[in-house]
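Understanding the architecture of this molecule
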Amino acid sequence: MLYWFPFPGKSKYRPIFEAILNGQIEIVVSYELINEYVEIIERKANGVVAHNIGETLLNLENVIKVEIKFIWNLIDSDKDDNKFVDCYVSGNSDL
C-alpha cells in the first residue's frame, strides 16, 4: 500500500506515523482523539490532508477505536488531556 507522509523525512514524528501505517504498532484511539489529531494536522498542513490522515487512521486494522464510557478526570493541570487517560483505560492499553 502506498501512502503520502505529511511529516518531512527529518520529522521526529515520521517514524511513529510510518510504524502505524505499516502495522508495526497497534494504537488505541477514541473519536475525540482522532478529531484532535485532525485539528492539529490541519493547522500544520491543510484540511484535505488532515481529513485524509484521520480517515486513514480510522480504517487501519491496527488502530483500535474505543468508545469512552467513563470520564476519569485524573489530570487537574490540563483538563483537556484527560481524554488521553480515558482512552488508555477504555482501551485496556499496555502503554
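Above this text you will find the structure in question.
Throughout what follows, the structure given in this document is the object of discussion. This is a predicted model, so every value here is computed, not measured.

1. Regarding a nonpolar patch on the surface
A surface patch of nonpolar side chains, about 500 Å² in accessible area, is lined by Phe 70, Trp 72, Leu 74, Tyr 88 and Val 89. As for its placement among the helices and strands, Trp 72 is situated in the loop between strand 2 (63-66) and helix 4 (82-90).

2. Here's the deal with the layout of surface pockets
The volume enclosed by the largest pocket comes to roughly 900 Å³. Lining the largest pocket we find 27 residues, and of these Ile 16, Ile 20, Ile 27, Val 29 and Tyr 37 sit closest to its centre. Counting residues per element, the ones that place at least two in the lining of the largest pocket are helix 1 (14-21), strand 1 (27-30), helix 2 (31-44), helix 3 (47-59) and helix 4. Here the element with the most residues in the lining of the largest pocket is helix 2; it accounts for six residues. Taken together, the residues of the lining of the largest pocket sort by class into 20 nonpolar, three polar and four charged.

3. Digging into the pattern of salt bridges
As enumerated under the stated definition, the model contains five salt bridges in all. Taking the shortest distance from any N to any O, the salt bridge between Lys 83 and Glu 36 comes out at 2.7 Å. Of this pair, Lys 83 sits in helix 4 while Glu 36 sits in helix 2, and the two are 47 residues apart along the sequence. Accessibility expressed as a relative area gives 7% for Lys 83, which makes it buried. Classification of Glu 36 as buried rests on a relative accessible area of 19%.

About the thresholds
Residues numbered from 1 in each chain as written. Predicted model: local features only at pLDDT ≥ 70, side-chain atom pairs only at ≥ 80, totals over all residues. Heavy atoms only, no water. Patch = residues over 30% accessible without salt bridge, like charges linked within 9 Å, V, L, I, M, F, W, Y side chains within 5 Å. Areas by Shrake-Rupley, 256 points an atom, 1.4 Å probe, with all protein chains shown as cover. Salt bridge = Lys/Arg side-chain N within 4 Å of Asp/Glu carboxyl O. Helix = DSSP H or I, 4+ residues; strand = E, 2+ residues; numbered from the N terminus. 1 Å grid on protein atoms, 1.4 Å probe; cavity = no way out; pocket = protein on both sides within 12 Å on 5 of 7 lines; lining within 4 Å. Points joined across faces, edges and corners; volume = space filled by probe spheres on them. Nonpolar A, V, L, I, M, F, W, Y, C, P; charged D, E, K, R; others polar. Buried < 20%, exposed > 50% of the residue type's maximum accessible area, 1.4 Å probe, protein only.

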